[in-house]
Amino acid sequence: MSDRAISTLPPGSTIGIVGCGQLGRMLIQAASQLGYRCHVFGQEETGPAAQVATKFVAGAFDDMAALSAFAKECDVVTYEWENLPGSALEVIGREVPLHPNARALEIGQSRWNEKSFVSDLGGGCAPYARATNAQELAAAIETIGTPAIIKSDRMGYDGKGQIRLQAGEILDAAAIQQKWEDLGGNDVLVEGFVNFDAEFSLLIARSADGGMRFWDAPQNTHEGGILRHSIVPGGEDVAVHIPAARALARKIAERLDYIGVLAIEFFACKDGPLFNEMAPRVHNSGHWTIEGALTSQFENHIRAICGLPLGDTRLIEGGAEMQNLIGHDIDKWPDLMGDQGAHLHLYGKREAREGRKMGHVTRLL
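Residues numbered from 1 in each chain as written. Predicted model: local features only at pLDDT ≥ 70, side-chain atom pairs only at ≥ 80, totals over all residues. Heavy atoms only, no water.

> How should I be thinking about the layout of surface pockets in this particular structure?
To find leftover empty space, a probe the size of one water molecule is rolled over the atoms. In this structure, the second largest pocket spans a volume of roughly 190 Å³. Along the walls of the second largest pocket sit 13 residues, with Ala30, Gln33, Ile290, Ser296 and Glu299 positioned nearest its centre. When contributions to the lining of the second largest pocket are tallied by element, the ones reaching two or more residues are helix H1 (22-33), helix H10 (289-292) and helix H11 (297-305). With four residues, H1 is the largest single contributor of residues to the lining of the second largest pocket. For the lining of the second largest pocket, the residue count by class is six nonpolar, six polar and one charged. (1 Å grid on protein atoms, 1.4 Å probe; cavity = no way out; pocket = protein on both sides within 12 Å on 5 of 7 lines; lining within 4 Å. Points joined across faces, edges and corners; volume = space filled by probe spheres on them. Helix = DSSP H or I, 4+ residues; strand = E, 2+ residues; numbered from the N terminus. Nonpolar A, V, L, I, M, F, W, Y, C, P; charged D, E, K, R; others polar.)

This is the structure in structure tokens:
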């Protein structure tokens, strides 16, 4: 990771983005408005970000020579996907400033790392235990009890890499071995269920001088582990927990010396907010900020990594809601185009598949 102090990058500078999904696409749209050029490094020439980039570089995330050459063409590099090898960011960081830093990625891409990190800062989490083999998985299930969720330590997102255990479910050694193998035979966490009133997230933008801005906290609804709907402001079940959640978020961002936008998901519980997970990047639950806030999460991420002042994060109207278009929800686009209150975003993905995010729609309230 580069330890060079961040300096202000003037318009016309080149921002590198590792990853070519829809988050990268929306980062590029925000950067272009501010006059920046964007180069994308990824594996899909037809990916959402590749379609709008100034330059697309095709390469594997473990191709260190290609990553180094890519970084040399950029003035700063960021990433839109956290499931990257740490060695890739180390190579980039030796050539050019990298924001967020590699430590944020190291913590955010591992469920064990992030929960341990937050616990050390005094944050509350659902009960959890780690397992590195099937025998340890059996012991972890015994410790946590059921109902519970077995989650892959890495590479799990949008409900992938998870197995639910029902209350009272009894597993013999063969069944546990099978579940271990079903999750790839790699490290897992067993997490106990918690009773919560709502799910919400915090979106934080932090600049190099330590300045920090929060957006209103969206209340989130998930289906099958995939975010379906976000609304701001959240209800009273969320509002009562925002001060404590923000205090923890500040600790996290400061301890990481974070630069850019950071997302943290919480459970709103009777005794306080419980940390669920964090993403060292812009986040699906913040898409509403494009139309709903004075400065979007995407623009403030660009502002932070380029050394610019952070923009105002206040709501434009009384509230906003965002609905993900998942799979064949995309087929509704003609009707959404005719809805005068709908702000439609389509990601340019060629194939609609079950569980695949194809776009989103935002409405101001």
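Having seen the structure, we can now continue with the description.
> Looking at this structure, I do not really get the sheet that holds strand E8 (residues 188-192). What am I missing?
Strand pairing in a sheet relies on backbone hydrogen bonds, with the paired strands running either antiparallel or parallel. The strand order across the open sheet built from four strands is E5-E8-E6-E7, with neighbouring strands paired in antiparallel fashion. Two strands lie at the open edges of the sheet, namely strand E5 (128-131) and strand E7 (162-165), each paired on one side alone. Geometrically, the sheet is characterised by an average inter-axis angle of 20° between neighbouring strands, direction not taken into account. One ladder, built from four bridges, connects E5 with E8; its direction is antiparallel. Each bridged residue has a counterpart across the sheet, and for Tyr128 the counterpart in E8 is Glu191. On the sheet, helix H7 (residues 173-182) packs against E5, strand E6 (148-152), E7 and E8 and is oriented at approximately 150° with respect to E7. (Pairing = 2+ DSSP bridges. Axes fitted to C-alpha atoms, helices over the stretch in contact; angles between N-to-C directions. Contact = heavy atoms within 4.5 Å.)

> Honestly, the pattern of salt bridges in this entry has me stumped. Any pointers?
It is possible for side chains of opposite charge to pair when their charged atoms get near one another. As enumerated under the stated definition, the model contains 15 salt bridges in all. Its salt-bridge partner being Asp187, residue Arg130 comes within 3.1 Å of it at the nearest N-O pair. Placement of the pair is Arg130 in strand E5 and Asp187 in the loop between H7 and E8, with a sequence separation of 57 residues. Between Asp329 and Arg228 there is a salt bridge, and its shortest N-O distance comes to 2.6 Å. With a gap of 101 residues between them, Asp329 in the loop between strand E15 (320-326) and helix H12 (333-337) and Arg228 in strand E12 (residues 226-232) connect regions that are remote in the sequence. The two residues Asp329 and Arg228 agree in class, both being buried. One connected set of salt bridges, linked through shared partners, spans Glu223, Arg228, Asp329 and Lys332. (Salt bridge = Lys/Arg side-chain N within 4 Å of Asp/Glu carboxyl O. Buried < 20%, exposed > 50% of the residue type's maximum accessible area, 1.4 Å probe, protein only.)

> Just to check I follow, could you spell out the environment of Ser32 for this structure?
Residue placement: Ser32 occurs in helix H1. Judged by its relative accessible area of 43%, Ser32 is partly exposed. Through-space distance from the C-alpha of Ser32 to that of Gly192 is 44 Å; in sequence the pair is 160 residues apart.

> Mind showing me how you'd approach the packing of aromatic side chains here?
Each aromatic ring pair is summarised here by two numbers: the centre-to-centre distance and the angle between the ring planes. Scanning all chains against the criterion turns up six aromatic pairs. Plain terms: the ring middles of Phe61 and Trp81 are 5.9 Å apart, the flat faces sit at 40° to each other, and that makes the pair tilted. Placement of the pair is Phe61 in the loop between strand E3 (55-58) and helix H2 (64-72) and Trp81 in the loop between strand E4 (76-79) and helix H3 (86-93), with a sequence separation of 20 residues. On the basis of relative accessibility, which here comes to 11%, the residue Phe61 falls in the buried class. Pairing Trp112 with Tyr128 gives two aromatic rings, centres 5.8 Å apart and planes at 70°, and the pair type is edge-to-face. Note that Trp112 is positioned in helix H5 (residues 111-120) and Tyr128 in strand E5, a separation of 16 residues in sequence. We classify Trp112 as partly exposed; its relative accessible area is 27%. In this structure Tyr128 comes out as partly exposed when scored by relative accessible area, which is 22%. (Phe/Tyr/Trp six-rings, centres within 6.5 Å; stacked < 30°, edge-to-face > 60°.)

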